[in-house]
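What the coordinates show
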Amino acid sequence: MKIVFRKIPYTKSSFSIEVEGLLCDGVFYKESNKISLLDFQVAGKTPTECDRCGVLFDLCVNENLSIKICDGVSDSEDLDIIECLDQIVDFDEIVYSEIASIKSDYHYCEECKNEEGK
Ligand SMILES: [Zn+2]
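Note that the coordinates shown come from a computational prediction; the quantities given were computed from them, not determined experimentally.

Looking now at the confidence of the model for the chain. Chain-level statistics for the chain give a pLDDT mean of 93 and a share of 98% at 70 or above. Averaged pLDDT values over the elements of the chain bottom out at 86 in helix 2 (residues 110-117) and peak at 97 in strand 3 (residues 22-30).

Turning our eyes to something else, we now look at the environment of L59. Looking at the element boundaries, L59 is found in strand 5 (residues 56-71). Sequence separation of L59 and Y108 is 49 residues, and the distance between their C-alpha atoms is 8.7 Å. With sequence-adjacent residues up to four places away left out, L59 is seen in contact with K45, T46, T48 and H107.

This part takes up the sheet that holds strand 4 (residues 35-49). Note: strands within a sheet are paired through backbone hydrogen bonds, in either parallel or antiparallel orientation. Taken in spatial order, the 5 strands line up as 2-3-4-5-6 in an open sheet, and their pairing is mixed. Strand pairing shows two members of the sheet lacking a second neighbour, strand 2 (13-19) and strand 6 (82-84), which therefore form its edges. When the angles between neighbouring strand axes are averaged without regard to direction, this sheet yields 25 degrees. Across 15 bridges, the pairing between strand 4 and strand 5 is antiparallel. When the bridges of strand 5 are listed, A43 appears paired with N62.

Let us look at helix 1 (residues 91-103). In this model, helix 1 (13 residues) spans 18 Å end to end at C-alpha, consistent with the 18 Å of a helix rising 1.5 Å per residue. All of the buried residues in helix 1 are I94, V95, E98 and I99. For helix 1, the angular spread of buried residues about the axis comes to 130 degrees, placing them on one side. Turned more than 90 degrees away from the buried face of helix 1, the exposed residues are D92, A100 and S101. In the core, the buried residues of helix 1 are packed alongside strand 2, strand 3, strand 4, strand 5, strand 6 and strand 7 (88-90).

Judged by nonpolar contacts, the single largest core of 14 residues is most densely connected at L22, C24, L38 and V42. The set of elements that each furnish at least two residues to this core consists of strand 3, strand 4, strand 5 and helix 1. Those residues in contact with L38, other than ones at most four positions away along the chain, are G26, F28, I67, I69 and I94.

A few words now on the environment of I3. If you trace the backbone, I3 turns up in strand 1 (residues 2-4). Ignoring anything within four residues of it in the chain, the contact list for I3 reads I8 and V89.

Definitions and limits used
- Residues numbered from 1 in each chain as written.
- Predicted model: local features only at pLDDT ≥ 70, side-chain atom pairs only at ≥ 80, totals over all residues.
- pLDDT = per-residue confidence, 0-100.
- Helix = DSSP H or I, 4+ residues; strand = E, 2+ residues; numbered from the N terminus.
- Contact = placed C-beta atoms within 7 Å.
- Pairing = 2+ DSSP bridges.
- Axes fitted to C-alpha atoms, helices over the stretch in contact; angles between N-to-C directions.
- Expected span 1.5 Å × (residues − 1).
- Buried ≥ 20, exposed ≤ 12 C-beta atoms within 10 Å, placed from the backbone.
- Arc of directions from axis to C-beta.
- Core = buried A, V, L, I, M, F, W, Y, C linked by C-beta atoms within 7 Å.

Okay, structure coming up:
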């Protein structure tokens, strides 16, 4: 889903995107002329490689995310702001990169988790 930045409404609108078994469900709205927000929950199971033994297992994800998007170059100190340089906000791309960053953390399969606990 793509939306032109200036067309994002000030009132909250809902969106829902499914990526790799995860459901991203939430709202988007404009906070100011230059800033829009995406508040959503990522929930579900997605196949992830165990960082210890390399086996593919279903990682349970349940996270709430809040993402700021700036129209053009951001003059804020906040490094988490996503700069939208072509006026087009690509929800799929944003959701995708957030999920990629969740998956890039260290994750262990059940068996390795049990080993750790011994
Ligand atoms: Zn493992």
